[in-house]
Amino acid sequence: MTDSVVRIEGLHKSFGRNDVLVGIDLAVERHEVVCLIGASGSGKSTLLRCINLLEPIDAGRIFIEAEEITAQGVDVDRIRRRIGIVFQAFNLFPHMSVLDNVTLAPRKVLKRSRADADRAATELLERFGLADKRLDYPDRLSGGQQQRVAIVRALAMEPDLLLLDEVTSALDPELVAEVLNVVRELAAGGMTMIIATHEMGFARDIAHRVCFLDGGRIIEEGRPAEIFRAPREPRTRQFLQRIIDAGRL
Amino acid sequence: MGLSGGSRDAGALGPVEPREPLVVRRRGPREELARSITIAIVSSVVVFGGLGWIVVNSPGWSAVQDGFLDGPLFARTLPDVVGAFRVNVQLFLIAEVLILAFGLVLAMLRSLPGPALFPFRFMATIYVDVFRAIPGLVIIFALGFGAPGLGIPGLPIDRFFWAIVTLTLVYSAYVSEVFRAGIESIHPSQEAAARSLGLSRFQALRYVIVPQATRRVIPPLLNDFIGLQKDTVLVSFIGVVEIFRTAQIRQAATFNYTPYVAVALVFLVLTLPLSRFTDWLVARERDRRYAGAVRAGPRGRFGLGSR
């Protein structure tokens, strides 16, 4: 077996009669960055939420390293500690300062002391240029700052895998770059990531592998150069053509 | 005329007379405030003066005045009434602490999902249904007379004890619903964020959902707290000598209702600051959350401001 951090086999997920994922197979190696692209509703977000066990799956199996996390009786809280997720809408805790947002899980889940958790969080915040915001409440921050805090909050748990769910889609255009730069830095640091994104230029730059989703399936996957320059599948071509026509690539 | 009403000659389809150019005269903020205050004062004098005049000129006014507003009797009974109020204060302070704790537990029980917790959700639901349905006075009689009457050894027979138990049981049902509404008003994405960090369901509720929910429901909680304060007089029916019972004794002795007016005043003095405090809390929370944003709604403590 190779050194895959996450391996998904035959994943099916439907909401009522709406089949969102119909047989997803995907394995992600350690230090690999995989970008999921595809139209809205193609299942990118649902796939990420399934990996993090935020959505129960209907069929298939998901492994984190060697452990099947979709097996009966698995402690979901223990699994989620190892998988960070950053949401499109940030989902920061509005009643807590930036520092408390970041340290809550290390203190309550990993049982770190407040002093230890504060020290680690402050280091992370410094690294991402947020040290002066540590005592502010989320609603005093710009969208870009909030999203960077959300990333730091996920990183504070030292996850083996980071899932990014369209993390720039709710941002004003001029704030997108600051968040993408953080993600670039993480990729350079070797973080294993699965990134659902509409930012094609970013996906092309950062991804080791790009997966194109359509109708709940991975239609095509490959290195960014292959997918963006010479897509094999007509549907991929169609999708990319629309993006190019919109001036987004 | 469709939606663009407001023109006075809407019905007449004749030629529209040329109107004077619209000039907006800007009033300064001071001028604006002075004008608002003047209007408010004049309006108040007319309304309250009118109501007062109707009452004072009613045919039975002098009899009512004698029966309810006996100055010397008021002065004599007020110290006793205020003294007895200590019992009510003890009742509602002790009960309120128990109510907040029990109400929150009930709300959390009803908010925890999963089939394993069904019996708890079920019990909590039945509890709330029952204790909200039955009039508080009936429960006071049942527990105040019934429970001690069972004669179970070790079960307290103290009326004050059963008064606290009753108030706690009745008000916890209301308060748990307030908490639950607060919990359900927090967007599910907050729980998703908490759970995704590895917090358990209970930890998510305790550290993320409930603190936000509690902040939101402080005004309705204070509302219920004021209700509780007043309902402490109900326990006079099982023989706890508190403010209402004391006034009743005085009334029975003098055939004059003035002691009840003293009771009313005591409660007013107590609840008015609490009402203003609630308003202040709401305003502070609004300012904190929407700092810098344009504020809607009436300005100032009494909503005195521009239209």
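1. Digging into the overall build of chain A
The helix and strand inventory of chain A stands at nine helices and 10 strands. Relative to its length of 249 residues, chain A is compact, with a C-alpha radius of gyration of 18 Å against a globular reference of 18 Å. With respect to the principal axes defined by its C-alpha atoms, chain A has extents near 55 × 45 × 35 Å. Each of the 249 residues in chain A was classed as buried or not, and the buried ones make up 45%.

2. Digging into the overall build of chain B
Secondary structure assignment for chain B yields 10 helices and zero strands. For chain B, the sequential pattern of α-helices and β-strands runs α-α-α-α-α-α-α-α-α-α. For chain B, the proportion of its 307 residues judged to be buried stands at 24%. The contacts in chain B between residues at least 6 apart in sequence include a share of 75% that link residues at least 24 apart.

3. A word on the packing of helix 5 (residues 136-149) of chain B against helix 6 (residues 159-185) of chain B
All names here are of chain B. Contact geometry for helix 5 and helix 6: axes closest at 9 Å, N-to-C directions at 140°. Regarding the angle of helix 5 to helix 6, the classification is oblique. Relative to helix 6, the crossing made by helix 5 is right-handed. The residues of helix 6 that touch helix 5, namely those facing G136, I139, I140, L143, G144, A147 and P148, are R159, W162, A163, V165, T166, L169 and V170. Of the residues in the contact of helix 5 with helix 6, the class split is 10 nonpolar, three polar and one charged.

4. Details of unusual backbone geometry
For H31(A), which is not a glycine, the phi torsion comes out positive at approximately 70°. With respect to the helices and strands, H31(A) occurs in the loop between strand 2 (18-29) and strand 3 (33-37). Residue F255(B) is not a glycine yet carries a positive backbone phi of 55°. Within the fold, F255(B) resides in the loop between helix 9 (243-254) and helix 10 (258-289).

5. Side note on the confidence of the model for chain B
Low pLDDT marks regions whose predicted coordinates should not be analysed in detail. All names here are of chain B. Model confidence for chain B is summarised by a mean pLDDT of 85, while 85% of its residues fall at 70 or above. Of all the helices and strands in chain B, helix 10 carries the lowest mean pLDDT, 86, while helix 7 (residues 188-196) carries the highest, 95. Predicted confidence is poor over residues 1-12, with pLDDT under 50, and the contacts of this stretch with residues over four places away or in other chains come to two contacts. Low pLDDT (under 50) marks residues 292-301, which in the prediction has six contacts with non-local residues, meaning those over four places away or in another chain.

6. A closer look at helix 9 (residues 234-245) of chain A
Over its 12 residues, helix 9 of chain A extends 16 Å from the first C-alpha to the last, a length consistent with the 16 Å expected when each residue adds 1.5 Å. Positive backbone phi, at 75°, marks G247(A), one or two positions downstream of helix 9 of chain A.

7. Some thoughts on the pairing of strand 2 of chain A
Bridge count for strand 1 (residues 4-15) of chain A against strand 2 of chain A is nine bridges, and the pairing is antiparallel. Each bridged residue has a counterpart across the sheet, and for I8(A) the counterpart in strand 2 of chain A is L26(A).

8. Observations concerning the interface of chain B and chain A
Accessible area lost during the coming together of the parts is what is often quoted as the interface size. The interface is formed by 17 residues belonging to chain B together with 18 residues belonging to chain A. For the side of chain B that touches chain A, the secondary structure elements donating two or more residues are helix 7 and helix 8 (201-231) of chain B. Residues of the side of chain B that touches chain A, tallied by class, amount to seven nonpolar, seven polar and three charged.

9. Points about the nonpolar core
Judged by nonpolar contacts, the single largest core of 125 residues is most densely connected at C35(A), L36(A), V152(A), L163(A) and L164(A). Counting residues per element, this core draws most heavily on helix 6 of chain B, which supplies 13 residues. In this structure L164(A) touches V86(A), V183(A), M193(A), I195(A) and A196(A), once residues within four positions along its chain are discounted.

10. Structural notes on the environment of N256(B)
Residue and element names in this part refer to chain B. With respect to the secondary-structure elements, N256 resides in the loop between helix 9 and helix 10. By the C-beta count within 10 Å, which is 19 here, N256 ends up partly exposed. Along the primary structure N256 and E96 are separated by 160 residues, whereas in three dimensions their C-alpha atoms are 33 Å apart. The residues contacting N256, other than those within four sequence positions of it, are G67, D70, L73 and Q251.

Conventions adopted
Residues numbered from 1 in each chain as written. Chains lettered and ligands numbered in written order. Predicted model: local features only at pLDDT ≥ 70, side-chain atom pairs only at ≥ 80, totals over all residues. Helix = DSSP H or I, 4+ residues; strand = E, 2+ residues; numbered from the N terminus. Rg over C-alpha atoms; globule rule 2.2 N^0.38 Å. Buried ≥ 20, exposed ≤ 12 C-beta atoms within 10 Å, placed from the backbone. Contact = placed C-beta atoms within 7 Å. Axes fitted to C-alpha atoms, helices over the stretch in contact; angles between N-to-C directions. Parallel < 35°, antiparallel > 145°, perpendicular 65-115°, else oblique. Left-handed = near helix turned anticlockwise from the far one by under 90°. Nonpolar A, V, L, I, M, F, W, Y, C, P; charged D, E, K, R; others polar. pLDDT = per-residue confidence, 0-100. Expected span 1.5 Å × (residues − 1). Pairing = 2+ DSSP bridges. Core = buried A, V, L, I, M, F, W, Y, C linked by C-beta atoms within 7 Å.

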